[in-house]
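Chain residues, written in single-letter form:
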Amino acid sequence: MAAEITTKRFREKKKNNNSEEREREEQQQQPRIRDLKVVLVLFVVRLKKMSEEEPKKTEKQLIRQAEKERKKKEKLEKELKKKREGVVSSSGGGGSVVTVHASQTPPVHLDAVSGTRDFFPEEFRLQTWLFEKFRKCGLRAGFEEYDAPVLERQELYKRKAGEEITQQMYSFVDKDGVEVTLRPEMTPTLARMVLSRGASMILPLKWFSIPQCWRFEATQRGRKREHYQWNMDIIGCKEITAEVELLSAAVEFFKSCGITSADVGIKVNSRKVMQSMLTINDVPDEIFAPTCVILDKLDKIGAEAVVKELTETLGLPRETAENVVKTLSCKTVEELEEMAREAIEVSSGGDDGDNTNSNTKAVDDSSIRELKELFKLAEEYGFGDWLQFDASVVRGLAYYTGVVFEAFDKAGELRAIAGGGRYDKLLSLYGAMTPVPACGFGFGDCVIVELLKEKNLLPNVQKRVDFCVCAYNKDMQGKAMKAAGLLRQTSPPSNGSGGGGGGSSSSSSSSLFLPRALTCLALGSHALEDGGLACGGYKPPGP
């Protein structure tokens, strides 16, 4: 009998202890729940007050007020969500919520180095989307992808033509005593790679790459000190059809993004034609390349500053410098031809004079025909409306030898989107025994993203998880992981850019940490019975 009484008292005591423990837990939750109720009451009062004031306000004020309240509501919802997570976590849902609070005075700089970028997951998804656009356009045009180290020898870029690029390199001497640099552009690297294989390369080559390039220059909208650049090059084809293929690929990319010829144009010129014009204006051939480098600054510094630099840096007479700058105003090939004939007549002193000088001064007819052929083929290809002749386009790199082109924003808000041309002498500069025809373009990632923002054409690239497997309790965590592993084996990973195809899965022990998944699988006590998968499925609302 005494044993029964003792057992009964023990049970009553245990029951009382459990009751007291539950009461303590409820008391701990009361302040948080009370805070939530207070916040909700204040929010309702604010909404009521806003509705009472509405008749007294204009429509414009109401729109502003509604937008303001919407932002406050979003902020409030985020705060409430955090508080709910804290309540659930502290009541046995898998531990306390982990947050990151940075010091106001951290021991290191937390921002990326000036002119560079961090790519957080949401930004990296956008970059992945853009790079896939580049790749698809390149592959569809029959190009192959390649890559190379970001570190190159400085000698590859020192061409002694006064180019800005040599002053913008991130250069240093490595521990082997070699002068190296982070590559400022990819074309010389391509030339080096082709020459390293020599005669074993079967031409023509159609290669593309998306390298990261580095230049220490002033940062501004669409211009960083590091950027990625879509490079497309054709090696071993001397016909103008190579340039047409490159221009077609660039236009196809624009179209794939929703950009039209009303948004972007491509200016085209020829270095050969410009060399003829400079010869007519008594500019020596040996300073042709540095002259083009200076002329390329026209849009940046203006005509008068260009004339001043031509006279002071290259020693050209002022009249010659002014005539050279004047030729850049031509907007059609025919207008350039007419200006050349007039200049020849003036320099020869008329038809009755000595024609010896005029015989050495003439426009290169083959380059004029080449330009006209390019425009004709572009029309037949279906993108003629994207092109326009512009004598001011000469490009700032000394190695260009023929047709040059530049894609630009027709609204005039942004710098050049892409640029390129023919460079038939570059491989000879690096050791080719015979001339190797080549042409290509570079297409930076910064400017095109700014343009897509301007046109509201940037996609909303969401994180994607096809399946999220969660366990009802800790005992089921291992089985949830096993289920996630089985799903990963039976379906390829998704592309992470919001596109279709593929599958991905994630395992979780708490619904608080579920990513936005297409399907959620909840595993109970009978999961994975007999080697199978038994679970409840749930598709969350929303996109």
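Quick notes on the rules
Residues numbered from 1 in each chain as written. Predicted model: local features only at pLDDT ≥ 70, side-chain atom pairs only at ≥ 80, totals over all residues. Heavy atoms only, no water. Helix = DSSP H or I, 4+ residues; strand = E, 2+ residues; numbered from the N terminus. Buried < 20%, exposed > 50% of the residue type's maximum accessible area, 1.4 Å probe, protein only. Lys, Arg positive; Asp, Glu negative; His and termini not counted. Salt bridge = Lys/Arg side-chain N within 4 Å of Asp/Glu carboxyl O. Polar contact = N/O pair within 3.5 Å; in protein donor to acceptor, adjacent residues only side chain to side chain. Contact = heavy atoms within 4.5 Å. Axes fitted to C-alpha atoms, helices over the stretch in contact; angles between N-to-C directions. Parallel < 35°, antiparallel > 145°, perpendicular 65-115°, else oblique. Left-handed = near helix turned anticlockwise from the far one by under 90°. Phe/Tyr/Trp six-rings, centres within 6.5 Å; stacked < 30°, edge-to-face > 60°. Lys NZ or Arg CZ within 6 Å of the ring centre and 35° of its normal. Expected span 1.5 Å × (residues − 1). Arc of directions from axis to C-beta. Pairing = 2+ DSSP bridges.

The next thing to look at is the side chain of Asp-409. Assignment of secondary structure puts Asp-409 in strand S10 (residues 403-409). Here Asp-409 is buried and forms no salt bridge, its nearest opposite-charge partner Lys-455 lying at an N-O distance of 4.8 Å. At 3.1 Å, the side chain of Asp-409 forms a polar contact with the backbone nitrogen of Ala-411. Of note is the side chain of Asp-409, whose polar atom sits 3.3 Å from the backbone nitrogen of Leu-414. In this structure Asp-409 touches Asp-263, Leu-414, Ile-417 and Leu-451, once residues within four positions along its chain are discounted.

Quick look at the packing of helix H5 (residues 241-256) against helix H13 (residues 365-381) now. Viewed as axis vectors pointing N to C, H5 and H13 meet at an angle of 45°, and their least axial separation amounts to 10 Å. With respect to each other, H5 and H13 are oriented oblique. For the element pair H5 and H13, the recorded crossing hand is right-handed. On H13, the residues touching Thr-241, Glu-243, Val-244, Glu-245, Leu-247 and Ser-248 of H5 are Leu-374, Leu-377 and Tyr-381.

This brings us to the packing of aromatic side chains. What describes a pair of aromatic rings is the distance from one ring centre to the other and the angle between the planes of the rings. One pass over the structure, following the stated rule, counts 19 aromatic pairs. Taking 5.4 Å as the distance between ring centres and 85° as the angle between the ring planes, the aromatic pair formed by Trp-230 and Phe-441 counts as edge-to-face. Residue Trp-230 is found in strand S7 (residues 226-235), and its partner Phe-441 is found in strand S12 (residues 438-444); the two are separated by 211 residues along the sequence. Since its relative accessible area comes to 0%, Trp-230 is described here as buried. The exposure class of Phe-441 is buried, given its relative accessible area of 3%. Just above the ring of Phe-216 sits the side chain of Arg-225; from NZ or CZ to the centre is 3.9 Å.

This part covers helix H16 (residues 477-490). If you check H16, its first and last C-alpha atoms are 20 Å apart, about what 14 residues at 1.5 Å a residue would give, namely 20 Å. Where H16 is concerned, the buried positions are Gln-477, Ala-480, Ala-483, Ala-484 and Leu-487. End-on, the buried residues of H16 take up no more than an arc of 120°, which puts them together on one face. What points out from H16, more than 90 degrees from its buried face, is the exposed set Lys-482, Gln-489 and Thr-490.

Before going further, it helps to spend a moment on the environment of Phe-389. For Phe-389, the location among the structural elements is in strand S9 (residues 387-389). For Phe-389, a relative accessible area of 6% translates into the label buried. Excluding anything up to four places from it in sequence, Phe-389 contacts Val-268, Asn-269, Cys-330, Lys-331, Thr-332, Val-333, Leu-336, Leu-371 and Phe-375.

A few words on the pattern of salt bridges. One pass over the full model with this rule turns up 19 salt bridges. With a shortest N-O distance of 3.1 Å, Asp-445 and Arg-117 are connected by a salt bridge. A residue pair is termed long-range when its members are at least 10 positions apart, and Asp-445 in helix H15 (residues 445-454) and Arg-117 in the loop between helix H2 (59-90) and helix H3 (121-140) qualify at 328 residues. Among the residues examined, Asp-445 registers a relative accessible area of 4% and is labelled buried. Under the relative-accessibility criterion, Arg-117 is labelled partly exposed at 23%. Glu-304 is the partner of Arg-318 in a salt bridge, and the nearest nitrogen-oxygen pair spans 2.8 Å. Remark: Glu-304 occurs in helix H9 (residues 303-313) and Arg-318 occurs in helix H10 (residues 318-327); sequence separation between them is 14 residues.

Attention shifts here to the pairing of strand S8 (residues 264-270). The buried count for S8 comes to seven of seven residues, which makes it a mostly enclosed element. Here S8 shows two buried faces, one formed by Val-264, Ile-266, Val-268 and Ser-270 and the other by Gly-265, Lys-267 and Asn-269. The pairing of S8 with S10 spans seven bridges and is classified as antiparallel. Along S10, the bridge assignment pairs Asn-269 with Val-404. Bridge count for S8 against S9 is three bridges, and the pairing is parallel. Directly across from Lys-267, in S9, lies its bridge partner Gln-388.

All we've got here are geometric facts, nothing functional implied.
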